[in-house]
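# Reading the structure
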Amino acid sequence: MKNPCIRVLATGGTIAGKAGSATRHAYVPGQIGIDDLLAAAAALDMGAALSGVQIANIGSEDIGPAVWSPLHKATVAAIADPAVDGIIITHGTDTVEETALLLDLTLPTAKPVVMVGAMRPADAVGSDGLRNLANAVRVAGNPDAAGRGVLVVMGDRVFAARDVRKVRTRGTDAFRGFPRESIGLVTPSALDWFGAPWRTGDAARFDWPREWPEVPILPIWAGIEPEYVGRLTGPDTRGVVVAGVGEGNMPDPLRQPLRELVARGVAVVRASRIDEGLVDREPEDDANGFLAARALNPPKARILLQLLLASGVSDRAAMQAEFDRR
């Protein structure tokens with residue numbers, strides 16, 4: 001049996017970062033190019049043929065549509081290439097959950113697409129980058145990884161894009177899944193799935209957007225004044241995601257300016273700033289015209305809302321159905 005052919009698309013992040021010292025806390029992400037990364041991987045004999053493309057080399061806090069667009073295009077091309085068995089995307093950990101969900105919703109599922117990063121730079125003592133990369137190779141080269149959407153591999157775990165979120169600022173065990181935990185365990189030599197693939201059909205769920213609708217996130221805190229809604233939004237605002245307290249709650253005076261936005265055709269989604277925050281619809285949502293984010297945290301809810309708006313979906317029932325299915 002031949003070794004799988006894996007295309008590695010590099011965007012930078014800590015996995016490509018250096019500190020210049022094995023013990024220094026501060027480091028600069030995106031210092032190692034794809035050729036050097038693949039050379040280090042080749043020395044480990046990962047049992048796969050790796051080829052690479054440098055999409056960007058930046059920290060993921062700087063990633064947005066300018067990088068997403070060429071990354072999506074390169075991933076689509078790799079999926080269509082009959083010589084490629086699976087795709088790995090190296091990415092910083094700070095926003096990997098947003099990029100993962102975006103790609104999950106806009107890519108076909110015919111081949112495995114695996115995102116991977118690191119919590120420690122390449123020259124740090126105990127660096128986790130190469131192990132995570134070896135784990136990602138194991139997953140991307142496994143045919144059973146197809147049909148599970150975009151996956152994120154970190155800390156010997158496999159997460160689905162719909163569930164994954166970063167929950168710690170430090171430590172190699174920094175990722176969790178909600179509401180479903182990890183969907184598999186992986187090491188460089190073994191892979192165990194916890195269930196069968198769930199995606200039916202190969203088609204992407206959304207077309208790649210031709211525009212990125214303006215959708216700010218409104219954070220809620222004790223004592224927030226309703227005037228803040230007007231400071232955050234403007235005439236080009238198409239949607240608002242409320243990062244509410246508890247189960248998507250907000251001070252009652254904020255509801256009126258948000259209702260006024262809804263009357264203007266702006267979509268308002270209630271999410272939660274709580275890490276494991278499930279937000280169900282409440283009785284007042286129908287009267288207010290609000291949507292409930294369900295299991296999606298505010299950044300992910302924003303991604304889905306942008307795709308819905310860019311696709312021309314405006315019916316609130318249809319929008320809510322998309323949030324309910326996550």
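The structure under discussion appears in the preceding block.
Quick look at the overall build of the protein now. Across its full length, the protein carries nine helices and 14 strands. Taking 2.2 N^0.38 as the reference for a compact globule, 326 residues should give roughly 20 Å; the C-alpha atoms of the protein span a radius of gyration of 20 Å, in line with that estimate. In terms of principal-axis extent, the alpha carbons of the protein reach across some 60 × 45 × 35 Å. Restricting the contact set of the protein to residue pairs at least 6 apart, pairs at least 24 apart contribute 71%. Working note: accessible area of the protein is about 13,900 Å², and carbon and sulfur atoms make up 51% of it. One way to put it: in the protein the 35 positive side-chain charges average out to a point 2 Å from where the 39 negative ones average out.

Right, let's get into helix 4 (residues 129–140). Its 12 residues place the ends of helix 4 16 Å apart at the C-alpha level, agreeing with the 16 Å of an ideal helix rising 1.5 Å per residue. Those residues of helix 4 that sit buried are Gly-129, Asn-132, Leu-133, Ala-134, Asn-135, Ala-136, Val-137, Val-139 and Ala-140.

Let us look at the sheet that holds strand 14 (residues 291–292). With parallel pairing, the four strands of this open sheet are ordered in space as 11-12-13-14. Each end of this open sheet is capped by a strand with a single partner; those strands are strand 11 (217–219) and strand 14. Bridge analysis of strand 13 (residues 267–272) against strand 14 gives two bridges, and the strand direction is parallel. Bridge assignment links Val-269 to a residue of strand 14, and that residue is Leu-291. Sheet strands touched by helix 8 (residues 298–310): strand 11, strand 12 (239–244) and strand 13. Its angle to strand 12, the strand with the most contacts, is close to 165°.

Overall, mixed pairing links the eight strands, which are arranged 2-1-3-4-5-6-9-10 in an open sheet. Each edge of the open sheet carries a strand with a single partner, namely strand 2 (49–58) and strand 10 (190–193). Neighbour-to-neighbour, the strand axes of this sheet turn through a mean angle of 25°, independent of strand direction. Note that strand 9 (residues 184–187) and strand 10 share four bridges and pair antiparallel. Among the inter-strand pairings, Thr-187 is bridged to a residue of strand 10, identified as Ala-190. Together, strand 1 (5–12), strand 2 and strand 3 (86–90) form the strand contacts of helix 1 (residues 34–42), whose direction differs from that of strand 2 by roughly 140°. Helix 2 (residues 65–80) rests against strand 1, strand 2, strand 3 and strand 4 (113–116) of the sheet, and its axis sits at about 170° to strand 2.

Right, let's get into the nonpolar core. Among the nonpolar cores identified, the biggest contains 30 residues, and Ile-88, Val-139, Val-158 and Trp-193 are the most heavily contacted of them. Of all the elements in the fold, those that place two or more residues in this core are strand 1, helix 1, strand 4, helix 4, strand 5 (151–154), strand 6 (157–160) and strand 10. When residues in this core are grouped by element, the largest group, six residues, is from helix 4. Membership of the second largest hydrophobic core comes to 25 residues, among which are Leu-101, Leu-105, Ile-303 and Phe-323.

Here is what the cut-offs are and how they apply
Residue numbers restart at each chain and count upward from 1, following the sequence in its written direction. A pLDDT threshold of at least 70 governs which residues receive local features in this predicted model, and a stricter bar of 80 or more applies before side-chain atom pairs are shown or counted, although totals over entire chains, interfaces and linings include all residues. Each side-chain value is derived from all of the structure's non-hydrogen atoms; neither hydrogens nor water enter the calculation. A run of H or I in DSSP becomes a helix once it reaches four residues, and a run of E becomes a strand once it reaches two; helices and strands are each numbered from the N terminus. In this setup the radius of gyration rests on C-alpha atoms only. A globule is expected at 2.2 Å times the number of residues raised to 0.38. For this analysis, residues touch if any pair of their heavy atoms sits within 4.5 Å. Here the Shrake-Rupley method, with its probe set to 1.4 Å, supplies the accessible areas, and only the displayed protein chains count as covering residues. For the charge count, each Lys or Arg is scored as positive and each Asp or Glu as negative, with His and the chain ends excluded. For charged residues, the charge sits on one atom: NZ in Lys, CZ in Arg, CG in Asp, CD in Glu. To estimate the expected span of a helix, subtract one from its residue number and multiply by 1.5 Å. Remark: exposure states derive from per-residue accessible area (1.4 Å probe, protein chains only) relative to the maximum for the residue type, with buried under 20%, exposed over 50%, and partly exposed in between. When DSSP finds two or more bridges between a pair of strands, those strands are recorded as paired. Think of each axis as a best-fit line through the C-alpha atoms, taken over the contacting stretch in the case of a helix, with angles from 0 to 180 degrees between the N-to-C directions. Side-chain atoms within 4.5 Å link the members of a nonpolar core, which is a set of buried Ala, Val, Leu, Ile, Met, Phe, Trp, Tyr and Cys residues.

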